[in-house]
Amino acid sequence: MEERRVRRFGRGQTHTLLPLRTSETRIRRLSNTISCWYCDYKISALNAPLFGFGRRHARLLRLWFSIGVGFTLTVLLVVTLILLWELGSVLQIFRGNTEFSDFLSSIIFGFSPRVYALRLSLADAAYLLISTSISVSVHEFGHAIAAASEGIQVEYIAIFVAVLFPGALVAFNYELLQILEQFAALRVFCAGIWHNAVCCAACGLMLFLLPLILCPFYMHGDSPMVLDVPSTSPLSGYLSPGDMIVSLDGKHIRHEQEWIEMTALMQEQALQSSSHSENSKGFAIVHSRKGYCVPTSLIEESKKMHLVYNQSSCPNDLTEFVAIQCFDSSKLDDVSNGDDHLNKRGSRHCLSATDVVKLNKCSHGRVTEITNGSSCICSQDETCLSPVQLPGLIWAEITYSSPYSPECLQVGGNSFPHSETADFTKDGCGGTFVFVGDAISMAHSVQLTAYQPRWAFAFSAYLPKVLEKSLIFTFQVSLTVALLNSLPVYLLDGESILEAALCHFTLLGPRKRANVLQACLLGGTIICVLTFIRIFFNFL
């Protein structure tokens, strides 16, 4: 997301980064630059339309960009304070605030190496490239229109790639910039940041209104739909594209964020349960378990199989269960006996998890209100069994529906029921399976969308996700471009903005203003470099 600033402002300057082309002949003969690390393509065809638009609406545009000056100067002040905080973190003045410092760094610089290194896929890289091109173009067109409203015509617009980062720049007539009044120059320099801020607001509003905009074609917030299940996913073989995740451990899931939050909570509870089981013997193990009422006949079959194979552990296709006591929540003394049951080898059984989850539950892994005086609902010919879990791993029941499966479409199941307890197994419209493992990796291994198409057609399921991610990436990149250009560092908009703003401090002479400017730019650049180094060293 590199963006080169080729505009400089300052009365009496004799140097510039601008390629000084003032004649139309030289503009027509623009030459593109190609090298090992940098290439660009210069465009002059938009010069006249942009200039004409700016001159026609000059009064309105000046008001618009004057608002942008106030906004940009405020952002410049906030970013400077954040840089001072970062300096304190680098010098270890503010100890114990590394997470907050990393958060501030990610806001300013727009990325976290840890996140992008682990989660940036090829598709995300494409979104990042497109959103960067859009954000930088919005930024540069802001400068171009602001300049046109002040009577300065753009010499050319260049699209470039530096190393691997795309960008854009606009070149102005430097002599005309020199004779602009100070506030008019501020309007030109602040226009790019202001337009990026407006772009962020537009993306945020579009994201908020997207369910309403797509309402005629998509249902939103009923249940997340599976878009892709990689072969490396632990849910591969259980879920397929087009399936709807209805519930997780009996809790109805409405959208992707709820799925992520629920799995994170389950993983945290599993870790806490493992810790409590070591410190609080017996109670934590039984109290946090899920239990199922298993018929005695099924238990006897598992005993016979265990005797035949004479194995110390269950086969790969079976899960080990342990008998637990049903207890009244008002009588927790019985719970302490749970450890005795865990230590008795005869109370352990190898059963099929797929068959067991279809049975009635005798424990839900949490204390619930008891209306019949006891939490046990198993009959006399049933035993309450609970799966044996390894520390840190979860046992999760995932209920799904397949409204677009051929079996379900044949019986008119295109609109699946919304009840959490609906039987999806009949007519081949879904089912329930058990996942045992790490919840976080499981949750991120599938690609979901909160939108369900009302009519199935090619690529209809992917359109809302593409729009969502495009808006999210554009919002993030546009915010990054705005904040980066607000930094008081060399070669970015912050340099020109700070230089023009200092001209309003008439109490300072030209020499003092120049010294203050160089001190701010040098300090800001050094702090930014140190912050980059700290981020990458923390990552390594």
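Calculation rules
Residues numbered from 1 in each chain as written. Predicted model: local features only at pLDDT ≥ 70, side-chain atom pairs only at ≥ 80, totals over all residues. Heavy atoms only, no water. Disulfide = S-S within 2.5 Å. Helix = DSSP H or I, 4+ residues; strand = E, 2+ residues; numbered from the N terminus. Buried < 20%, exposed > 50% of the residue type's maximum accessible area, 1.4 Å probe, protein only. Core = buried A, V, L, I, M, F, W, Y, C linked by side-chain atoms within 4.5 Å. Contact = heavy atoms within 4.5 Å. Phe/Tyr/Trp six-rings, centres within 6.5 Å; stacked < 30°, edge-to-face > 60°. UniProt positions renumbered as here; feature names shortened; annotations may be inferred. Axes fitted to C-alpha atoms, helices over the stretch in contact; angles between N-to-C directions. Parallel < 35°, antiparallel > 145°, perpendicular 65-115°, else oblique. Left-handed = near helix turned anticlockwise from the far one by under 90°. Nonpolar A, V, L, I, M, F, W, Y, C, P; charged D, E, K, R; others polar. Patch = residues over 30% accessible without salt bridge, like charges linked within 9 Å, V, L, I, M, F, W, Y side chains within 5 Å. Areas by Shrake-Rupley, 256 points an atom, 1.4 Å probe, with all protein chains shown as cover. Salt bridge = Lys/Arg side-chain N within 4 Å of Asp/Glu carboxyl O. Polar contact = N/O pair within 3.5 Å; in protein donor to acceptor, adjacent residues only side chain to side chain.

**As for the state of the cysteines**
Here's step 1: Considering all chains together, one arrives at one disulfide under this definition.
Here's step 2: Note that Cys293 is cross-linked by a disulfide to Cys378, the S-S spacing being 1.9 Å. The sign of the S-S torsion, about -85°, decides the handedness of the disulfide formed by Cys293 and Cys378: left-handed. Here Cys378 lies in the loop between strand 10 (361-364) and strand 11 (382-387) and Cys293 lies in strand 7 (residues 290-295), a separation of 85 residues in the sequence. There is no split in this pair, since Cys293 and Cys378 are both buried.

**A closer look at the nonpolar core**
Here's step 1: Leu235, Leu239, Ile245, Leu248, Trp259, Ile394 and Ile398 are the most contacted members of the largest nonpolar core, which has 23 residues in total.
Here's step 2: Contributing elements (two or more residues each) for this core: strand 5 (244-248), helix 9 (256-279), strand 12 (394-401), strand 13 (430-437) and helix 15 (439-444).
Here's step 3: Residue contributions to this core peak at five residues, all from helix 9.
Here's step 4: Those residues within four positions of Leu235 in sequence are excluded, and the remaining contacts are Val229, Trp259, Ile398, Phe433, Phe435, Met442 and Val446.
Here's step 5: Counting 18 residues, the second-largest nonpolar core is a separate cluster that includes Leu50, Ile152, Val154 and Val170.

**Description of the packing of aromatic side chains**
Here's step 1: Following the criterion strictly, the structure yields 10 aromatic pairs and no others.
Here's step 2: Their ring planes at 45° and their centres at 5.5 Å tell us that Trp37 and Tyr38 sit as a pair that is tilted.
Here's step 3: Ring geometry for Phe71 against Trp194: centres 5.4 Å apart, planes inclined by 55°, an arrangement best described as tilted. Taken together, the residues Phe71 in helix 3 (residues 58-90) and Trp194 in helix 8 (residues 182-213) connect sequence positions 123 residues apart.
Here's step 4: Taken together, the ring pairs connect Trp37, Tyr38 and Phe160 into an aromatic cluster.

**Considerations on the environment of Val466**
Here's step 1: Mapped onto the secondary structure, Val466 falls in helix 16 (residues 463-486).
Here's step 2: For the pair formed by Val466 and Thr449, sequence separation is 17 residues and the distance between their alpha carbons is 10.0 Å.

**Here we look at the UniProt feature "transmembrane region" (unreviewed entry) in the chain**
Here's step 1: Sites flagged by UniProt as "transmembrane region" (unreviewed entry) map to residues 63-85, 125-142, 154-174, 194-215 and 516-537.
Here's step 2: Secondary structure across residues 516-537 comprises 100% helix and 0% strand; the distance between its end C-alpha atoms is 32 Å.

**Quick notes on the packing of helix 2 (residues 47-56) against helix 6 (residues 122-149)**
Here's step 1: Packing of helix 2 against helix 6 brings their axes to within 7 Å, and their N-to-C directions diverge by 55°. The orientation of helix 2 with respect to helix 6, classified from their angle, is oblique. The hand of the helix 2/helix 6 crossing is right-handed. Counting all contacts with helix 2, which are made through Leu50, Phe51, Phe53, Gly54 and Arg55, the residues of helix 6 involved are Phe141, Ala144, Ile145, Ala148 and Ser149.
Here's step 2: For the contact of helix 2 with helix 6, the class distribution of residues is seven nonpolar, two polar and one charged.

**Observations concerning a nonpolar patch on the surface**
Here's step 1: A contiguous nonpolar patch, built from Tyr490, Leu491, Leu522, Ile526, Val529, Leu530, Ile533 and Phe537 and spanning about 740 Å² of accessible area, is present on the exposed surface.
Here's step 2: Its place among the elements puts Leu491 in the loop between helix 16 and helix 17 (493-502).

**A word on unusual backbone geometry**
Here's step 1: A positive phi angle is found at Asp249, which is not glycine, with a value near 55°.
Here's step 2: With respect to the helices and strands, the residue Asp249 is situated in the loop between strand 5 and strand 6 (251-252).
Here's step 3: Phi angles above zero are rare outside glycine, and Leu491 is one such case at about 70°.

**A word on the environment of Leu50**
Here's step 1: Mapped onto the fold, Leu50 is located in helix 2.
Here's step 2: Along the sequence, Leu50 and Ala144 sit 94 residues apart, while their C-alpha atoms lie 7.1 Å from each other.

**Here we look at the side chain of Ser135**
Here's step 1: The residue Ser135 is located in helix 6 in this model.
Here's step 2: For Ser135, a relative accessible area of 0% puts it in the buried group.
Here's step 3: Of note is the side chain of Ser135, whose polar atom sits 3.3 Å from the backbone nitrogen of Ser478.
Here's step 4: For Ser135, the contacting residues outside a window of four places in its chain are Asn196, Thr474, Val477, Ser478 and Val481.

**Let's talk about the pattern of salt bridges**
Here's step 1: Overall, the coordinates contain five salt bridges when judged by the stated rule.
Here's step 2: Among the salt bridges present, the one from Asp40 reaches Lys42, with a minimum N-O distance of 3.0 Å. Per residue, the accessibility class of Asp40 equals that of Lys42, and both read buried.
Here's step 3: Lys469 is the salt-bridge partner of Asp124, the closest N and O atoms lying 2.5 Å from each other. Placement of the pair is Asp124 in helix 6 and Lys469 in helix 16, with a sequence separation of 345 residues.
Here's step 4: One salt-bridge network, held together by shared partners, links Arg62, Glu150 and Arg187.

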